[in-house]
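# Residue-level structure breakdown
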Amino acid sequence: MAELRPSPRSGTDGIPIDWGSLAPLRLRARTLAEGVYAGGHRSVRKGPGVEFGGHRPYVPGDDLRFFDRRALLRHDRMMVREFETETDRALWLCVDATASMAYRSSRAPGAKLAYGALVAAALARVALSTGDPVGLAWIGGWGTMPLPASSGREAFDRVAGALEGAAAAGDASADEAAMERALAPVARRARRGAVIVLVSDFVDLPERALSAFTALGAGGRSLVALRVLDPNEADLGFSGHVRLRASEGDVVVETDAEEVRAVYRERIAGIAERWSKELSARGGRWVEATTDKSPADVVREVVRAVAEARA
C-alpha cells in the first residue's frame, strides 16, 4: 500500500514543517551560501552613473559636477542631476506553503516546504552578502510572515525566522484570486530590476497562477520559478495497487501504479513545459529539483538562472 499524503489539521493551524535532516535552517543556509557568487548586476540606486535618473534639490556637499546650471537659469532653482548606477537589485522570494508542500516520503530527507525554505534562505544569504535587499511573500500557509525587502545584518535572521515559523495549510487551487493576493505586495513594491523567485511544487496553485506570476515580469523585473517535488511525486515511485489521499479534503484514489505512471509523468512534464515556455518568452527561467537532490546544487542552479534572467 502506498504512503498517504498528510492532510491539514482541522481548525486554524497547519502542518508544522517536517525538517528531517535539513535543519538547522540558519546554519545549513549559511553553509550552502558560502562560495556561491551571485555576479555583478545593476540596480536603481541613485548616484553618478550611466543613465539619467532625474533631478533633486541641491544640498550643500553635493558633487558640483552634477549641478544643473540650466535649471538655475530657467527656473531659479538649484538642482542636481541623478543617474542610475550599476550596483545591486532586490530579490523577492515567493514561497508556496499550501498543504501539498507538507508531503515527505521515505525517500526524502525532509518535506518539500523544508527543502524549499532551505533553498530560499540560502538564496537570501547570497543576495544579502552582495548587498541586495531581500523580501518574502507567501502563497497559502499558516503562521506565515511576509517581509518587505530589506538589507543589513539583521535581514537574514528575519527571513530565516519567517521561514522557520511557517506551517503548511490551505488549497490555493480552489481560490482563483489566491495568487493575485499573494503577489500583490510584490507587484507594488518590487521596482525595475528586481528578481522574483517562486518556490513551489505547482500542485495546489490555481489555473491563473501562471498568468499572475508572469505578469510580474513587466516593468523590467526578472522571474525565476523553482519547482520542488518529492522523489515519489517526480516518478510516481509506487508499485502495485495504491491508495492515495489528496492533500486537501477527503478525496481518495485507488489505482494501479504501473497503469497510470506514463500518464502521470506526462502531466507532470506538461506543467513544466507550459511554465518554462511562458517564462522563457518573458526572459524568465524554470528550474526543477527533487528533495533528494543536493540543496547546494539547486542553489547554484537558481543563482545561475537569476544571473541569466538579469542579463
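Structure first, text after, so check above.
The structure contained in this document is the topic of the report that follows. (Residues numbered from 1 in each chain as written. Predicted model: local features only at pLDDT ≥ 70, side-chain atom pairs only at ≥ 80, totals over all residues. Heavy atoms only, no water.)

## With respect to helix α3 (residues 112-129)
Counted at 1.5 Å a residue, the expected span for α3 with its 18 residues is 26 Å, and the 26 Å between its end C-alpha atoms agrees. A large share of α3 lies buried, amounting to 16 of its 18 residues. Looking at the residues trailing α3, positive phi occurs at G131, about 90°. (Helix = DSSP H or I, 4+ residues; strand = E, 2+ residues; numbered from the N terminus. Expected span 1.5 Å × (residues − 1). Buried < 20%, exposed > 50% of the residue type's maximum accessible area, 1.4 Å probe, protein only.)

## Some thoughts on the environment of A33
With respect to the element layout, A33 can be found in helix α1 (residues 25-33). For A33, a relative accessible area of 11% puts it in the buried group. Remark: the alpha-carbon pair of A33 and S129, spanning 96 residues in sequence, is separated by 9.0 Å. Non-local contacts of A33, meaning those with residues more than four positions away in its chain, are made with A122, R125 and V126. (Contact = heavy atoms within 4.5 Å.)

## A look at the sheet that holds strand β7 (residues 134-139)
Taken together, the six strands give an open sheet; going across it, the order is β8-β7-β6-β10-β11-β14, and neighbouring strands pair in mixed fashion. Where the open sheet ends on each side, the last strands, each with one partner, are β8 (147-150) and β14 (285-290). Looking at each pair of strands side by side, their axes are set apart by 20° on average, direction ignored. Where strand β11 (residues 222-229) meets β14, six bridges bridge the pair, whose relative direction is parallel. Along β14, the bridge assignment pairs L229 with T290. Helix-sheet contacts for helix α5 (residues 178-189) involve β6 (91-96), β7, β8 and β10 (195-200), and the interaxial angle to β7 is about 165°. With respect to the sheet, helix α9 (residues 295-310) is in contact with β10, β11 and β14, its orientation differing from that of β11 by roughly 155°. (Pairing = 2+ DSSP bridges. Axes fitted to C-alpha atoms, helices over the stretch in contact; angles between N-to-C directions.)

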